Amino acid sequence: MRALSRTPGRHGQASIRRFSDAVPMWQNRSMSDHRFLIAGGGIAGLAAALGLARAGLPSRLFEQSPVFEEVGAGLQMSPNGVAALRHLGAWDAVAPNCVIPSEIHVRDGRSGGLLQRIRLGKAFEERFGAPYRVCHRADLLGGLLAAAQNLPSITLETGARVTGAETGPAARLLLADGSAIPGAAIIAADGIRSTLRTLISGPAAPVHRGHTIFRALIPLQDVPPEIEADCVTLWLYPGGHVVHYAVSNWRSFNIVAAVDAKNEGEGWSTQALQSELLPRFAQACDALALLLEAPAAWLKWQGADLPGIPRWARDNALLLGDAAHATLPYLAQGAVMSLEDACTLSRELSRGLAPASAFVNIENTRRERTSRIQEQSRRMGRVYHAKGALALARNAMLRYGGSSPALRRMEWIYRWQP
Ligand SMILES: Cc1cc2nc3c(=O)[nH]c(=O)nc-3n(C[C@H](O)[C@H](O)[C@H](O)COP(=O)(O)OP(=O)(O)OC[C@H]3O[C@@H](n4cnc5c(N)ncnc54)[C@H](O)[C@@H]3O)c2cc1C
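Each value, and the rule that gives it
- Residues numbered from 1 in each chain as written.
- Predicted model: local features only at pLDDT ≥ 70, side-chain atom pairs only at ≥ 80, totals over all residues.
- Helix = DSSP H or I, 4+ residues; strand = E, 2+ residues; numbered from the N terminus.
- Rg over C-alpha atoms; globule rule 2.2 N^0.38 Å.
- Buried ≥ 20, exposed ≤ 12 C-beta atoms within 10 Å, placed from the backbone.
- Contact = placed C-beta atoms within 7 Å.
- pLDDT = per-residue confidence, 0-100.
- Pairing = 2+ DSSP bridges.
- Axes fitted to C-alpha atoms, helices over the stretch in contact; angles between N-to-C directions.
- Near = placed C-beta within 6 Å.
- Expected span 1.5 Å × (residues − 1).
- Core = buried A, V, L, I, M, F, W, Y, C linked by C-beta atoms within 7 Å.
- Parallel < 35°, antiparallel > 145°, perpendicular 65-115°, else oblique.
- Left-handed = near helix turned anticlockwise from the far one by under 90°.
- Nonpolar A, V, L, I, M, F, W, Y, C, P; charged D, E, K, R; others polar.

Peer 1: How should I be thinking about the overall build of the protein chain in this particular structure?
Peer 2: The secondary structure content of the protein chain amounts to 13 helices and 21 strands. On C-alpha atoms alone, the protein chain measures out to a radius of gyration of 21 Å, which is about the 22 Å that the 2.2 N^0.38 rule sets for 418 residues. The principal-axis extents of the C-alpha atoms in the protein chain amount to approximately 65 × 45 × 40 Å. Going through the 418 residues of the protein chain one by one, you find that 48% of them count as buried. Taking the intrachain contacts of the protein chain between residues at least 6 apart in sequence as the baseline, contacts between residues at least 24 apart amount to 79%.

Right, dumping it as structure tokens:
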């Protein structure tokens, strides 16, 4: 885990102003409370701050951790994510630490046989309008943070836990130290276990999907030679699957293994023993078995999502990112959806709408797409973990269908533009 230093609070004007000469009516109050208040400094919160800055709107972000913690595992940055990062002005800060994989391989975890190959070169990039990259969550968070720190309109505050909020014409965020922070509107980007969700949407708990997801990082040089380290590889196995790829500009190798098993832990980073994982892949082919034996330590979390919460917006408060639509990671769209959210936030507020109206538009615009991604992610979990005849049929379709059907199926996700 790396820790980024705390950014000192800065109270300045937006460096990117789109309608500085026409202050909207809703902003025309005292200059001390015109900033948007963001709860949570993960991917969604930092991206939202950048989206607001792009719309010419200042913000104040409150992160509960004492530092912006760069924890987590690898993230796949599909073309829609790259397009969103470009729009938010953060791609230049994120790109240097991304890895350019050559191909995506889907393999049978028992035989080792190649079932599908997707080339990620120029033709892929032209088809979807942006490249496909992989990175560590830390690299994405660090890039967003660097971009946010460059903008004087964004104030970042760490060690600031949000405990509640008051919505309505006078929005206020309530912090654990007893302070009440006034602002123009509230963005709740406080993750899957959001504190503010009940206030905005009513009670809605994450739904555990009976999967435990293990992750490990190893130095690139420790990857067994049997593994193609320059590819993103997905291994399909009865009751589980494994995904791996290089991250952090080829310094580390990210391995994620999901299995059909309940896990009681709530956090992202529960310690896990090798002995919890290896028996689940007892019949793995040599290459996969060698890779799974490589990490000395694993972390695990519980596969959960948050389907169809009643509402994302109430008055001038809005849920974004995992707080609104947490998903299983099997389409690799959790972080990317948060980046898309921030672009939509930026667009709606750039039109000069009052926050309450803009927030309803954002919910209406985003809900169908994010629900569909959640639903398909659940389905991919079932497909990846299939057993017996179902697994044989799946493998035959992958082997003989080629990459075209897979690319067509991903088009509605990857072709998204801000
Ligand atoms: C520590 C961590 C590790 C993760 N690891 C992985 C991973 O390995 N693989 C994967 O697919 N996804 C991982 N994720 C989730 C992934 O980052 C998100 O699904 C996605 O990026 C959407 O991000 P988000 O900002 O909505 O939520 P999150 O990334 O969960 O960010 C929410 C942020 O809000 C802060 N916060 C929460 N409550 C409060 C509060 N009351 N007051 C102030 N701040 C608050 C949290 O500290 C956190 O920084 C991880 C998330 C976290 C927080």
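Next, the rest of the story.
Peer 1: Please explain the confidence of the model for the protein chain as it appears in this structure.
Peer 2: Should the pLDDT be low somewhere, the predicted coordinates at that spot are not to be read in detail. Per-chain confidence: the protein chain averages 90 in pLDDT, with 91% of residues scoring 70 or above. In the predicted structure, residues 1-23 sits below a pLDDT of 50 and forms 45 contacts with residues beyond four places in sequence or in another chain.

Peer 1: Help me understand the sheet that holds strand β10 (residues 162-166), please; the structure alone is not making it clear to me.
Peer 2: In a beta sheet, neighbouring strands are held together by backbone hydrogen bonds and run either parallel or antiparallel to one another. With antiparallel pairing, the three strands of this open sheet are ordered in space as β10-β11-β12. Lying at the two open borders of the sheet, with one neighbouring strand each, are β10 and β12 (180-183). Here the strands of the sheet are splayed against their neighbours by 25° on average, with no regard to which way each runs. Taken together, the four bridges between strand β11 (residues 171-175) and β12 define a ladder with antiparallel strand orientation. Across the sheet, the residue bridging to L174 is A180, located in β12.

Peer 1: Help me understand the sheet that holds strand β16 (residues 240-247), please; the structure alone is not making it clear to me.
Peer 2: One open sheet holds the eight strands; their spatial order is β7-β6-β15-β16-β17-β14-β19-β18, and the pairing between them is mixed. A strand with exactly one partner marks an edge of an open sheet, and here the two such strands are β7 (114-119) and β18 (270-272). Here the average twist between neighbouring strands, direction ignored, is 25°. Here five bridges tie strand β6 (residues 103-108) to strand β15 (residues 232-237), and the two strands are oriented parallel to one another. Across the sheet, D108 pairs through a bridge with L236, a residue of β15. The sheet strands contacting helix α11 (residues 355-384) are β14 (207-219), β15, β16 and β19 (298-305), and the helix crosses β14 at an angle near 75°.

Peer 1: How do you make sense of the pairing of strand β8 (residues 133-136) when you look at a structure like this?
Peer 2: Two faces, one strand: in a regular strand the side chains alternate between the faces of the sheet. Burial along β8 is two-sided: R133 and C135 facing one way and V134 and H136 facing the other are all buried. The sheet contact formed by strand β5 (residues 74-77) and β8 spans four bridges and is antiparallel. By the bridge assignment for β8, M77 is matched with R133.

Peer 1: Would you take a moment to explain the site of the ligand for this structure?
Peer 2: Close to the ligand lie 31 residues, the nearest being G40, G42, G72, G191 and G321. Put simply, the parts of the chain that give the shell around the ligand at least two residues each are α1 (43-54), α9 (322-325) and α10 (334-350).

Peer 1: Which parts of the structure should I look at to understand α1?
Peer 2: Since the α-helix advances by 3.6 residues per turn, residues separated by three or four positions end up pointing in the same direction. For α1, spanning 12 residues, the distance from its first C-alpha to its last is 16 Å, which sits close to the expected 16 Å at 1.5 Å a residue. With 12 of its 12 residues buried, α1 lies for the most part within the structure. By the burial criterion, the buried members of α1 are I43, A44, G45, L46, A47, A48, A49, L50, G51, L52, A53 and R54. Once α1 finishes, G56 follows within two positions and takes phi at roughly 80°, a positive value.

Peer 1: Please clarify how the nonpolar core should be interpreted in this entry.
Peer 2: One recurring pattern in soluble globular proteins: nonpolar side chains tend to sit buried together. Within the largest apolar cluster, 124 residues are counted, with the highest numbers of intra-cluster contacts made by A48, L50, L144, A188 and L320. Among the elements that take part in this core, α1 stands out by supplying nine residues, more than any other.

Peer 1: Can you help me understand the environment of P310 in this one?
Peer 2: Tracing the sequence through the fold places P310 in the loop between β19 and β20 (313-314). Each C-alpha atom of the pair P310 and Q333 lies 22 Å from the other, and the pair is 23 residues apart in sequence. If near-sequence neighbours (up to four positions away) are discounted, P310 is found in contact with S201 and G202.

Peer 1: Where do I start with unusual backbone geometry in this structure?
Peer 2: Residues apart from glycine generally show negative phi values, whereas peptide bonds are mostly found in trans. Phi at S248 takes a positive value of approximately 55°, unusual for a residue other than glycine. For S248, the location among the structural elements is in the loop between β16 and β17 (252-260). Here S248 falls in the buried class, since 20 other C-beta atoms lie within 10 Å of it. Look at N249: it is not a glycine, yet its phi comes out positive at around 55°. Mapping N249 onto the fold places it in the loop between β16 and β17. Assessed through the 16 C-beta atoms surrounding it within 10 Å, N249 is described here as partly exposed.

Peer 1: Would you mind going over the packing of α1 against helix α5 (residues 137-149) with me for this structure?
Peer 2: The axes of two packed helices give the description: the angle between them and the distance between them. Remark: α1 packs on α5, axes separated minimally by 9 Å, with the N-to-C direction vectors making an angle of 30°. One element, α1, and the other, α5, form an angle in the roughly parallel class. Crossing handedness for the pair α1 and α5: left-handed. Of α5, the residues touching α1 (which contributes I43, L46, A47, A49 and L50) are L140, L141, L144, L145, A147 and A148. The class makeup of the residues in the contact of α1 with α5 is 11 nonpolar, no polar and no charged.

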